[in-house]
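So you can see what is in the structure, the chains are spelled out below.
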Amino acid sequence: QVQLLESGGGLAQAGGSLRLSCAASARTFSGYGMGWFRQAPGKDREFVAAISGSGGTTYYADSVKGRFTISRDNAKNMVYLQMNSLKPEDTAVYYCGARTARSSASTWSGEYDYWGQGTQVTVSS
């Protein structure tokens, strides 16, 4: 059983920054691929960023590439999403996911078996 708890969401102006954090309760955290996904009202959950267990491989959605950075600290069981140059279209609930079957990063939500409760990010224009 893995528990994930996101934090760091809130209200930001366009062009601003926010840093999301995800705390994981897991003994073998470094063996899990981790990802961030988001869901806007009326839309499906979409991939944002993913990172491998070692942190050596990262993937980004085209819409956030160059603006968002995913990272992890395996000593602290934490994964982060630094969001810069925010846009109103980044407004969504952001979810942290854990892929316990494999340590590689994945862009597909179906490969994540644990999710946090989500944190709201609202970007005003």
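Scroll up to find the structure this text is about.
Figured I'd write up the structure that's included with this text. Going along each chain's sequence as written, the residues are numbered from 1 onward. Totals for whole chains, interfaces and linings use every residue, but because this is a predicted model, local features are given only for residues with pLDDT of at least 70 and side-chain atom pairs only at 80 or more, for both listing and counting. Computation of side-chain values: all heavy atoms of the structure, hydrogens and water removed.

What makes a salt bridge here is a side-chain nitrogen of Lys or Arg within 4 Å of a carboxyl oxygen of Asp or Glu, nothing more. A complete count under the given rule lists five salt bridges for this structure. Linking aspartate 90 and arginine 38 is a salt bridge whose minimum nitrogen-to-oxygen distance equals 2.9 Å. Taken as a pair, aspartate 90 in the loop between strand 8 (78–83) and strand 9 (92–99) and arginine 38 in strand 4 (residues 33–39) lie far apart in primary sequence, 52 residues in all. With a relative accessible area of 5%, arginine 38 lands in the buried category. Put simply, DSSP H or I for four residues or longer makes a helix, DSSP E for two residues or longer makes a strand, and each gets a number counted from the N terminus. With a 1.4 Å probe rolled over the protein chains alone, any residue whose accessible area is under 20% of its type maximum counts as buried; one over 50% counts as exposed, and the rest are partly exposed.

A covalent bond bridging the sulfur atoms of two cysteines is what the word disulfide describes. Note on disulfides: each one is a pair of cysteine sulfur atoms within 2.5 Å. Summed over the entire model, instances satisfying the criterion amount to one disulfide. At a sulfur-sulfur separation of 2.1 Å, the disulfide partner of cysteine 22 is cysteine 96. One quick way to see it: the torsion about the S-S bond of cysteine 22 and cysteine 96 is about -80°, and its sign makes the bridge left-handed. Of this pair, cysteine 22 sits in strand 3 (residues 18–25) while cysteine 96 is found in strand 9, placing the two residues 74 residues apart along the sequence.

Another aspect to go through is the side chain of arginine 38. Of note is the side chain of arginine 38, whose polar atom sits 2.6 Å from the side chain of glutamate 46. Looking at arginine 38, its side chain comes within polar contact range of the side chain of tyrosine 94, at 2.9 Å. Polar contact is defined as a pair of N or O atoms within 3.5 Å, subject to the rule that within protein one atom must be able to donate a hydrogen and the other to accept it, and that residues adjacent in sequence are counted only when both atoms are side-chain atoms.

Let us look at the environment of alanine 92. Here alanine 92 is to be found in strand 9. Taking the C-alpha atoms as reference, alanine 92 lies 6.6 Å from threonine 122; in sequence the two are 30 residues apart.

Here the focus is the packing of aromatic side chains. By convention, a stacked pair of Phe, Tyr or Trp rings (six-membered ring in the case of Trp) has centres within 6.5 Å and planes under 30 degrees apart, an edge-to-face pair has planes over 60 apart, and any other such pair is tilted. Going through the model one piece at a time under the given rule, you end up with four aromatic pairs. Aromatic side chains phenylalanine 37 and tyrosine 112 sit 5.2 Å apart centroid to centroid with 75° between the ring planes, which places their arrangement in the edge-to-face category. Of the two residues, phenylalanine 37 sits in strand 4 while tyrosine 112 sits in the loop between strand 9 and strand 10 (114–115), which places them 75 residues apart along the sequence. Given the relative accessible area of 1%, phenylalanine 37 is considered buried. Assessed through its relative accessible area of 5%, tyrosine 112 is described here as buried. The interplanar angle of 45° and the centroid separation of 5.8 Å between the aromatic rings of tyrosine 112 and tryptophan 115 together place this pair among those described as tilted.

This brings us to unusual backbone geometry. Of note, asparagine 77 is a non-glycine position whose phi angle comes to about 55°, a positive value. Mapping asparagine 77 onto the fold places it in the loop between strand 7 (68–73) and strand 8. Exposure remark for asparagine 77: the relative accessible area of 17% places this residue in the buried category. In this structure, serine 85 is a non-glycine residue whose phi angle is positive, near 50°. Summarising the element assignment, serine 85 is placed in the loop between strand 8 and strand 9. Owing to a relative accessible area of 40%, serine 85 belongs among the partly exposed residues under this scheme.

Honestly, it's all geometry; don't read function into it.
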